[in-house]
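Residue strings, one per chain:
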Amino acid sequence: IYLGDKKIVGILTEATTRVTRESQIILGMGINFAISEFPSALTERATSLFFDEPPTISADNLIGEIWAQFEQLQHADFMALYKAHSFILGKKITFTQSGQDFTGRAMDLSAQGELIVACDDGTTKILNSGEISLTSWN
């Protein structure tokens, strides 16, 4: 999740499918809550929710507010919401797949949540895990 053009939240997801049970999804969030200094390698790419001022909410209350939003959205079309608010879709990205570096444009998400990338070499790649980096904000 980005504030302006700097990252304030990282989200990690993992899905598992079991033959005997329903699929399980694990979701984790790391929030830069009240950090005033970042390592030099991150100063241009990361910020904090409360960077130059004292927090106006406690971390515990923020977690409660986030859970309340999940409760309100329990019947929402999450994929449509995600696409509508995605910071990545439409952006130039780089990623590594099978040891090879690629550059392309993040175009869409599959029904399974995989990132569809139109690569500069004319190919289309489907990413279902790993890390991407933005190379351009437009």
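Predicted model only: the values in this text are computed from it and were never measured.

(A) How the structure looks around the overall build of the chain. What the chain contains, in helices and strands, is 2 helices and 9 strands. What you see in the chain, going N to C, is helices and strands ordered as β-β-β-β-α-α-β-β-β-β-β. C-alpha extents for the chain along the principal axes are approximately 50 × 45 × 25 Å. Long-range pairs, those at least 24 residues apart, make up 38% of the contacts in the chain with a sequence separation of at least 6. Taken as a whole, the chain presents about 10100 Å² of accessible surface, with 53% of it coming from carbon and sulfur. Computed over 10 positive and 17 negative side-chain charges, the separation of the two mean positions in the chain equals 7 Å.

(B) Spotlight on the packing of aromatic side chains. Within the structure shown, the criterion is met by 5 aromatic pairs. Between Phe-95 and Phe-102, the ring centres sit 5.4 Å apart and the planes meet at 20 degrees, which makes this aromatic pair stacked. The class for Phe-95 is buried, based on a relative accessible area of 4%. Judged by its relative accessible area of 7%, Phe-102 is buried. Lying over the aromatic face of Phe-87, Lys-91 brings its terminal NZ or CZ to 4.5 Å of the ring centre.

(C) Geometry of the pattern of salt bridges. As enumerated under the stated definition, the model contains 2 salt bridges in all. With a shortest N-O distance of 3.0 Å, Lys-83 and Asp-108 are connected by a salt bridge. In this pair, Lys-83 is assigned in helix α2 (residues 78-85) and Asp-108 in strand β6 (residues 100-109), connecting sequence segments 25 residues apart. In this structure Lys-83 comes out as partly exposed when scored by relative accessible area, which is 32%. Residue classification places Asp-108 among the partly exposed positions, given a relative accessible area of 30%.

(D) Summary view of the nonpolar core. Residues Ile-88, Leu-89, Ile-93, Phe-95, Phe-102, Ala-106, Leu-109, Leu-115, Val-117, Cys-119 and Leu-127 constitute the largest nonpolar core, which totals 11 residues. Broken down by secondary-structure element, the contributors of at least two residues to this core are β5 (92-97), β6 and β7 (115-119). Filtering out sequence-adjacent residues up to four positions away, Phe-102 remains in contact with Ile-93, Thr-94, Phe-95, Gln-97, Cys-119, Asp-121 and Lys-125.

(E) Structural detail: the confidence of the model for the chain. Across the chain, pLDDT averages 86, with 91% of residues at or above 70. Within the chain, no element has a lower average pLDDT than strand β9 (residues 132-134), which sits at 69, and none a higher one than β7, at 94.

(F) Up close: the environment of Asp-121. For Asp-121, the position within the fold is in the loop between β7 and β8 (124-127). Between the C-alpha atoms of Asp-121 and Gly-104, which are 17 residues apart in sequence, the distance is 8.1 Å. Only 2.6 Å separates the side chain of Asp-121 from the side chain of Thr-123, close enough to count as a polar contact.

Quick notes on the rules
- Residues numbered from 1 in each chain as written.
- Predicted model: local features only at pLDDT ≥ 70, side-chain atom pairs only at ≥ 80, totals over all residues.
- Heavy atoms only, no water.
- Helix = DSSP H or I, 4+ residues; strand = E, 2+ residues; numbered from the N terminus.
- Contact = heavy atoms within 4.5 Å.
- Areas by Shrake-Rupley, 256 points an atom, 1.4 Å probe, with all protein chains shown as cover.
- Lys, Arg positive; Asp, Glu negative; His and termini not counted.
- Charge placed at Lys NZ, Arg CZ, Asp CG, Glu CD.
- Phe/Tyr/Trp six-rings, centres within 6.5 Å; stacked < 30°, edge-to-face > 60°.
- Buried < 20%, exposed > 50% of the residue type's maximum accessible area, 1.4 Å probe, protein only.
- Lys NZ or Arg CZ within 6 Å of the ring centre and 35° of its normal.
- Salt bridge = Lys/Arg side-chain N within 4 Å of Asp/Glu carboxyl O.
- Core = buried A, V, L, I, M, F, W, Y, C linked by side-chain atoms within 4.5 Å.
- pLDDT = per-residue confidence, 0-100.
- Polar contact = N/O pair within 3.5 Å; in protein donor to acceptor, adjacent residues only side chain to side chain.

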